[in-house]
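What the coordinates show
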Amino acid sequence: MAETTSLFHGESVSCDAGTKLGALPPHRRRQKQTQTAAANTVIPPDASSLLASSSAASSSTLHRSALAYLSLSKPRLTALIVLTTMASYALFPVDPLLSSPAAPTLSALTLVYLTAGTALASSSANALNMAYEPKFDAQMSRTRNRPLVRGLLSTRQAVTFAGVTGMVGVAALHVGVNPTVAALGALNIFLYAGVYTPMKRLSVANTWAGAIVGGIPPLMGWAAASGATALDGTMTELLGHPGGWLLAALLFAWQFPHFNALSWTIREEYKRAGYQMMAWKYPAMNARVALRYSLLFFPICFGLWWVGVTDMGFLVDSSVVNAWVAREAWRFYRKGGEGGRARGLFWASVWHLPLLLVLAMVHKAGMWQGFYERVVGIGQEEDEFDEEEDEVEDAKRVLQLYPTSPTSRGP
């Protein structure tokens, strides 16, 4: 019997597959077709590869160079890092006594410096990553169109870009935010480019190193926000609240279901390129780790409520979203990624993180308290009562200072 080779991982598909498929009931046949289509779908090129292709096709030298340099920053990854940093900044619990609508504690200018500095620091780390890996990027479908692989930029240009963006980004964080955030930004550049990138060719532990890199941006956002009310501004003070560490743990845990599902889909390419990934070296471990960290989302979200970052409504909403990812991770674990389970977990993880962060901001502790009080009228009654108490206290102080009224004194 003749066989044809699939487009996905070189698997062989028998020609009588259509006959077997036709023998199934209609609903089973549709389900099988959906699973086969999902399994045979190749993950598209990343944003850097797409930008590099656009750069090569551009007729304008300036436009071509701008796109090529922009592709060095890995725009989608950088955007994700910036958003997690901003979300952490927004979730910092501000004491109502220290903030008011007229004088908010969280500064918009600080947020601008934080956003710009984080984006530049991320761009620096990503550019160094590409400068180190063009030979290996050329062997993978997702990365073979990156700018250094296509010769749009040289290694020297990539390293120069990384140096400039790194120095400007860390300086912006130091001047516009605080030294702790700047130190965390510099640390993340080192960890991503100096530890995670070379470790990918040495050990499967590189995934844990990459997860640490992903967990640092929430700490940067938290330290930036806490700096507005800090007394000494030390790192211990800025990162003393457990909320920042729980958000970092959330991002750390999220890396595993997301990346383990992604890497399983292109595991043969990783193997050919020499990258040491669990997906091809230890596939059972790859699925087990993805499930384990998916279950960790539940206690992390509980902790965010427990320490006062979110209200109780977040426990309900986050549990629904976390259950979705846990279900996909369980299917991935049981089937080992076959039948489209890897892609199911991958896309669940893509939606999971932004949904969870948005829900956390919607359910930020105290967010709806003022609105509720205005609707019910509790706040107005308390304000009127407080004003009456203040007037009574003022009258008592006046009587203490002037026990006898000036008008009752004789000549």
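Higher on the page you've got the structure.
One structure accompanies this document, and this report is about it. Everything numeric in this text was worked out from a predicted model, so none of it was measured.

Rules used in this analysis
Residues numbered from 1 in each chain as written. Predicted model: local features only at pLDDT ≥ 70, side-chain atom pairs only at ≥ 80, totals over all residues. Heavy atoms only, no water. Helix = DSSP H or I, 4+ residues; strand = E, 2+ residues; numbered from the N terminus. Buried < 20%, exposed > 50% of the residue type's maximum accessible area, 1.4 Å probe, protein only. Contact = heavy atoms within 4.5 Å. Areas by Shrake-Rupley, 256 points an atom, 1.4 Å probe, with all protein chains shown as cover. Salt bridge = Lys/Arg side-chain N within 4 Å of Asp/Glu carboxyl O. Axes fitted to C-alpha atoms, helices over the stretch in contact; angles between N-to-C directions. Parallel < 35°, antiparallel > 145°, perpendicular 65-115°, else oblique. Nonpolar A, V, L, I, M, F, W, Y, C, P; charged D, E, K, R; others polar. Phe/Tyr/Trp six-rings, centres within 6.5 Å; stacked < 30°, edge-to-face > 60°. Lys NZ or Arg CZ within 6 Å of the ring centre and 35° of its normal. Polar contact = N/O pair within 3.5 Å; in protein donor to acceptor, adjacent residues only side chain to side chain. Left-handed = near helix turned anticlockwise from the far one by under 90°. Expected span 1.5 Å × (residues − 1). Arc of directions from axis to C-beta.

1. A word on the overall build of the chain
Looking only at helices and strands, the chain features 20 helices and two strands. Within the span of the chain, comprising 411 residues, buried residues form 42% of the whole. In the chain, the share of contacts with a sequence separation of at least 24, taken over all contacts with a separation of at least 6, comes to 75%. When the accessible surface of the chain is split by element, carbon and sulfur atoms take 63% of a total near 21,300 Å².

2. Considerations on the pattern of salt bridges
Enumeration according to the criterion identifies four salt bridges in this entry. The residue glutamate 328 makes a salt bridge to arginine 331 at a minimum N-O spacing of 3.8 Å. Of the two residues, glutamate 328 and arginine 331 both sit in helix H17 (residues 313–335), three residues apart, roughly one turn of that helix. By relative accessible area, which is 9% here, glutamate 328 ends up buried. Here the residues in one salt-bridge network are Arg327, Glu328 and Arg331, joined through shared partners.

3. Focus: the packing of helix H9 (residues 179–199) against helix H10 (residues 206–226)
Where H9 meets H10, the axes come as close as 9 Å, and the angle between the chain directions of the two elements is 170°. Between H9 and H10, the crossing angle belongs to the class labelled roughly antiparallel. Together, Thr180, Val181, Leu184, Gly185, Leu187, Asn188, Leu191, Tyr192, Val195, Tyr196 and Met199 of H9 and Asn206, Ala209, Gly210, Ile212, Val213, Ile216, Pro217, Leu219, Met220, Ala223 and Ala224 of H10 make up the contact between the two elements. Grouping the amino acids of the contact of H9 with H10 by side-chain chemistry returns 17 nonpolar, five polar and no charged.

4. Quick look at the packing of aromatic side chains
With the rule as written, the count across this model stands at 15 aromatic pairs. For the pair tyrosine 69 and phenylalanine 161, a centre-to-centre distance of 5.7 Å together with 35° between the ring planes defines the contact as tilted. A residue pair is termed long-range when its members are at least 10 positions apart, and tyrosine 69 in helix H4 (residues 61–72) and phenylalanine 161 in helix H8 (residues 155–176) qualify at 92 residues. Relative to tryptophan 222, the ring of phenylalanine 92 lies with its centre 5.1 Å away and its plane at 75°, an arrangement referred to as edge-to-face. Placement of phenylalanine 92 in the loop between helix H5 (75–91) and helix H6 (108–132) and of tryptophan 222 in helix H10 is noted, with a sequence separation of 130 residues between them. Look at phenylalanine 92 and you get buried, because its relative accessible area is 9%. Since its relative accessible area comes to 0%, tryptophan 222 is described here as buried. If you follow arginine 201 out to its NZ or CZ, it ends over the ring of phenylalanine 136, 3.5 Å from the centre.

5. Concerning the side chain of serine 141
Looking at the element boundaries, serine 141 is found in the loop between helix H7 (134–137) and H8. For serine 141, a relative accessible area of 17% puts it in the buried group. A polar side-chain atom of serine 141 sits 2.8 Å from a polar atom in the side chain of glutamate 269.

6. A closer look at unusual backbone geometry
One non-glycine residue with positive phi stands out, namely lysine 74, at about 50°. Inspection of the secondary structure puts lysine 74 in the loop between H4 and H5. Look at lysine 74 and you get buried, because its relative accessible area is 11%.

7. So, the packing of helix H15 (residues 283–295) against H17
Viewed as axis vectors pointing N to C, H15 and H17 meet at an angle of 165°, and their least axial separation amounts to 9 Å. Classified by the interaxial angle, the pair formed by H15 and H17 is roughly antiparallel. In terms of crossing hand, the pair formed by H15 and H17 is left-handed. Between H15 and H17, the contacting residues are Asn286, Ala287, Arg288, Ala290, Leu291, Ser294 and Leu295 on the first element and Val325, Ala326, Ala329, Trp330, Phe332 and Tyr333 on the second. The residue inventory of the contact of H15 with H17, partitioned by class, reads 10 nonpolar, two polar and one charged.

8. Some remarks on the side chain of asparagine 322
Along the chain, the position of asparagine 322 falls in helix H17. Here asparagine 322 falls in the buried class, since its relative accessible area comes to 1%. Beyond its immediate stretch of four places on either side in the chain, asparagine 322 contacts Phe297, Phe298, Cys301, His352 and Leu356.

9. A word on the environment of serine 123
Looking at where serine 123 falls in the secondary structure, it is placed in helix H6. Taking the C-alpha atoms as reference, serine 123 lies 9.1 Å from isoleucine 189; in sequence the two are 66 residues apart. Beyond its immediate stretch of four places on either side in the chain, serine 123 contacts Leu72, Ser73, Thr78, Phe161 and Thr165.

10. Regarding H8
A turn of α-helix holds 3.6 residues, and therefore any two residues three or four places apart point the same way. Here H8 spans 31 Å end to end across 22 residues, near enough to the 32 Å set by a 1.5 Å rise per residue. For H8, the full list of buried residues reads Ala158, Phe161, Ala162, Thr165, Gly166, Gly169, Ala172, Leu173 and Gly176. All buried residues of H8 lie within an arc of 140° about the axis, which places them on one face of the element. When the buried face of H8 is taken as reference, the exposed residues oriented beyond 90 degrees from it are Arg156, Met167 and Val175.

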